[in-house]
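Coordinate analysis (summary)
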Amino acid sequence: MVVKSELKFIKSLQQKKCRNEHGLFVVEGKKTIEEVLKSHVKLYKLFAVDSDGFKIEGIEVNPITNKELSQISSLKNPNGYLGVFHIPEQERKIMSDWILVLDGVQDPGNLGTIIRLCDWFGVAHIVCSPQTVDCYNPKVLQATMGSITRVHMRYTELKAFLSSSELPIYGAFMDGVSVNDLKLPEKGILIMGNEGKGISDSVAQLCTDKLAIPQFGGITTESLNVASATAILLHEIRK
């Protein structure tokens, strides 16, 4: 059995302040845990209802009951495996052809999908405003399906970051120039804004170009979901 104090500690990691304080985050699901174990991210502790189902050389598996797992899981139906990992240090030097910047994306599912999209399209770095949802939020991690280990995440004040960059800065706007009419460079920065408010005024002022996704349907649809829009724009960048 896992002692109550440890259960309480792991449960606390569902909160951002506790994750930041201890430098740890939780991953659930056998497949996602296996993805993280293959990466540079260091394991703190691994729990499994069926410890025989997780045989990896050099990895200790701690047995846990279904009842104990349900007390610490963020899922309605825990699937038998939970790993606690060390949060990796943020990379200060960015080596990438394109950088995705997120200005206040709030929905965990959106951020998780965007991280997975960056993994798919080979965008290695995402720079987030402090107002963007934490990338180690359990719902974000579920949506990334392990891509969190292959995309470098950085949280910082965007005005300072963008002001210091020599790359062209493209912001996604409803009233921008159609992406079909632009010749995108080999290197640049793409900014995606908040789900409801879009890109903040202070960040918008730093954009060298405003781009938009052309609409072919009726005007009843006001805008695209930010993750869907990111997918389209990343595809255009890689064309």
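Reading the values: the criteria
Residues numbered from 1 in each chain as written. Predicted model: local features only at pLDDT ≥ 70, side-chain atom pairs only at ≥ 80, totals over all residues. Heavy atoms only, no water. Pairing = 2+ DSSP bridges. Helix = DSSP H or I, 4+ residues; strand = E, 2+ residues; numbered from the N terminus. Contact = heavy atoms within 4.5 Å. Axes fitted to C-alpha atoms, helices over the stretch in contact; angles between N-to-C directions. Buried < 20%, exposed > 50% of the residue type's maximum accessible area, 1.4 Å probe, protein only. Core = buried A, V, L, I, M, F, W, Y, C linked by side-chain atoms within 4.5 Å.

1. A closer look at the sheet that holds strand β1 (residues 24-28)
The strand order β1-β4-β2-β3 describes an open sheet built from four strands, whose pairing is mixed. The open sheet is flanked by β1 and β3 (62-63), the only strands paired with a single partner. Here β1 pairs with strand β4 (residues 81-86) via five bridges, running antiparallel. Bridging across to β4, V26 finds its partner in V84. The strands touched by helix α1 (residues 4-12) are β1, β2 (43-48) and β4; relative to β2, the strand with the most contacts, the crossing angle is about 110°. Along the sheet, helix α3 (residues 30-37) contacts β1, β2 and β4; its crossing angle with β4, the most-contacted strand, is approximately 25°.

2. A word on the sheet that holds strand β7 (residues 152-155)
Sheets are built from strands paired through backbone hydrogen bonds, the pairs being either parallel or antiparallel. With parallel pairing, the six strands of this open sheet are ordered in space as β7-β6-β5-β9-β8-β10. The two strands at the open ends of the sheet, each matched to only one other strand, are β7 and β10 (209-212). The sheet shows a mean angle of 35° between the axes of neighbouring strands, direction not considered. By the bridge criterion, five bridges tie strand β8 (residues 169-178) to β10 in an arrangement that is parallel. Looking at β10, one finds that G171 is bridged to K210. Helix-sheet contacts for helix α5 (residues 108-121) involve β5 (98-103), β6 (125-128) and β7, and the interaxial angle to β5 is about 175°. Relative to strand β9 (residues 188-193), helix α9 (residues 226-238) is tilted by about 165°, and along the sheet it contacts β5, β8, β9 and β10.

3. Side note on unusual backbone geometry
Backbone geometry at M145 places phi at a positive 55°, although glycine is not the residue there. Looking at where M145 falls in the secondary structure, it is placed in the loop between α6 (138-144) and β7. By relative accessible area, which is 36% here, M145 ends up partly exposed.

4. Description of the nonpolar core
With 44 residues, the main nonpolar core has L100, L102, I115, I126, M153 and L190 as its most contacted residues. What M153 contacts, discounting residues up to four positions off in sequence, is Q90, L111, I115, I126, C128, C135 and I148. Of all hydrophobic cores here, the second largest spans 15 residues; its members include I94, L158, F173 and I189.

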